[in-house]
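Chain and residue survey
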Amino acid sequence: MSQAVGNKIEMPLGVVVRKTPGVTRWVKWNWSAVAVLPGAAPARWVTLRREGEAVEYHAATLPLTLWASDTEAYLANLSDHSPSIYVVMRDEGDEGAPLTMLLLTASPYEGQDYADNGEDIVEKVPMPEGLVAWVRDFALAHHEHETFVKRRRDRERIDLLQDGKGDARIRQDSDVYRAPGRGLS
């Protein structure tokens, strides 16, 4: 089910996407990721359930990759009230696949990075309890606490010398703080 290689581990997760009717005349359908299926087999937009006009699909199966270098982010996610998987999708699909599934991550920092670019749709989906335990075990096994080291200031005072010339890299013949000349029309 999961595969460990060096400083990373992977598990396939199926993404469940719900299609509901849009609430405005400009948007015909509303798409949202609602669940993940740990250890799911490969799938491409397989219908799971229909309730009236609402339809749930097993849209895709993607690997969830956990990296040893990102354990701080995973622990931050696990400390949240509801630990989540972030599903990154893009609205560039065709008729067979209305959305393109890009990535699954357990890192809230990586999810935020994708949300900031403005091109991707990032949905926060609750983690099943077994997946929470799997992520926690990995994070605790690989986490290395970094102690905070306060930076020391240089002892040299560079603010004591004021020659009135401004930035030394810019050639300036006169005082940058001078009053403007009166002879300008």
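Quick summary incoming for the structure in this document. (Residues numbered from 1 in each chain as written. Predicted model: local features only at pLDDT ≥ 70, side-chain atom pairs only at ≥ 80, totals over all residues. Heavy atoms only, no water.)

1. Quick look at the pairing of strand 2 (residues 8-21)
Two faces make up the sheet, and in a regular strand the side chains alternate between them. In the sheet, strand 2 pairs with strand 5 (residues 54-67) via twelve bridges, with the strands oriented antiparallel. Residue pairing in the sheet places Glu10 in a bridge with Thr65 of strand 5. Summarising the sheet, strand 2 and strand 3 (residues 29-38) pair through nine bridges and their orientation is antiparallel. Its bridge partner lying in strand 3, Val15 is registered against Val36. (Pairing = 2+ DSSP bridges. Helix = DSSP H or I, 4+ residues; strand = E, 2+ residues; numbered from the N terminus.)

2. Notes on the nonpolar core
Ranked by internal contacts, the top residues of the largest apolar core, which has 34 residues, are Leu64, Leu66, Ile85, Met101 and Leu131. With seven residues, strand 5 is the largest single contributor of residues to this core. Filtering out sequence-adjacent residues up to four positions away, Met101 remains in contact with Val15, Val17, Trp45, Ala59, Ala60, Leu62, Val87, Val88 and Met89. (Core = buried A, V, L, I, M, F, W, Y, C linked by side-chain atoms within 4.5 Å. Buried < 20%, exposed > 50% of the residue type's maximum accessible area, 1.4 Å probe, protein only. Contact = heavy atoms within 4.5 Å.)

3. Comments concerning the packing of aromatic side chains
Within the structure shown, the criterion is met by three aromatic pairs. Ring geometry for Trp31 versus Trp45: centroids 5.6 Å apart, planes at 85 degrees, classification edge-to-face. Pair noted here: Trp31 is in strand 3 and Trp45 is in strand 4 (residues 44-51), with a separation of 14 residues, a long-range link. Accessibility expressed as a relative area gives 21% for Trp31, which makes it partly exposed. Here the aromatic residues Trp31, Trp45 and Tyr57 are joined through ring pairs into a cluster of three or more. The ring of Trp29 has Lys19 sitting right over it, with the charged end atom 4.1 Å from the ring centre. (Phe/Tyr/Trp six-rings, centres within 6.5 Å; stacked < 30°, edge-to-face > 60°. Lys NZ or Arg CZ within 6 Å of the ring centre and 35° of its normal.)

4. Points about the environment of Ser107
Within the secondary structure, Ser107 is located in the loop between strand 7 (100-105) and helix 2 (108-116). The exposure class of Ser107 is buried, given its relative accessible area of 4%. On a C-alpha basis, the gap between Ser107 and Ser84 in space is 8.7 Å, while along the polypeptide they are 23 residues apart. Each residue touching Ser107, except ones within four places of it in the same chain, is listed here: Ala73, Tyr74 and Tyr86.

5. A look at the side chain of Asp120
Topologically, Asp120 is positioned in strand 8 (residues 120-126). On the basis of relative accessibility, which here comes to 9%, the residue Asp120 falls in the buried class. At 2.6 Å, the side chain of Asp120 forms a polar contact with the side chain of Arg90. Those residues in contact with Asp120 that sit more than four places away from it in its chain are Val88, Met89, Arg90, Leu102 and Tyr114. (Polar contact = N/O pair within 3.5 Å; in protein donor to acceptor, adjacent residues only side chain to side chain.)

6. Description of a nonpolar patch on the surface
On the surface, a nonpolar cluster with roughly 230 Å² of combined accessible area is contributed by Leu37, Val46 and Leu48. By the element assignment, Leu48 lies in strand 4. A relative accessible area of 46% places Leu48 in the partly exposed class. (Patch = residues over 30% accessible without salt bridge, like charges linked within 9 Å, V, L, I, M, F, W, Y side chains within 5 Å. Areas by Shrake-Rupley, 256 points an atom, 1.4 Å probe, with all protein chains shown as cover. Salt bridge = Lys/Arg side-chain N within 4 Å of Asp/Glu carboxyl O.)

7. Section: the packing of helix 1 (residues 71-78) against helix 3 (residues 129-142)
Interhelical geometry of helix 1 versus helix 3 gives an angle of 140 degrees and a closest axis separation of 9 Å. By the angle class used here, helix 1 and helix 3 are oblique. Here the hand of the crossing between helix 1 and helix 3 comes out left-handed. Where helix 1 approaches helix 3, its residues Thr71, Tyr74, Leu75 and Leu78 are matched on the opposing element by Val132, Val135, Arg136, Phe138, Ala139, Leu140 and His142. Considered class by class, the residues forming the contact of helix 1 with helix 3 number eight nonpolar, two polar and one charged. (Axes fitted to C-alpha atoms, helices over the stretch in contact; angles between N-to-C directions. Parallel < 35°, antiparallel > 145°, perpendicular 65-115°, else oblique. Left-handed = near helix turned anticlockwise from the far one by under 90°. Nonpolar A, V, L, I, M, F, W, Y, C, P; charged D, E, K, R; others polar.)

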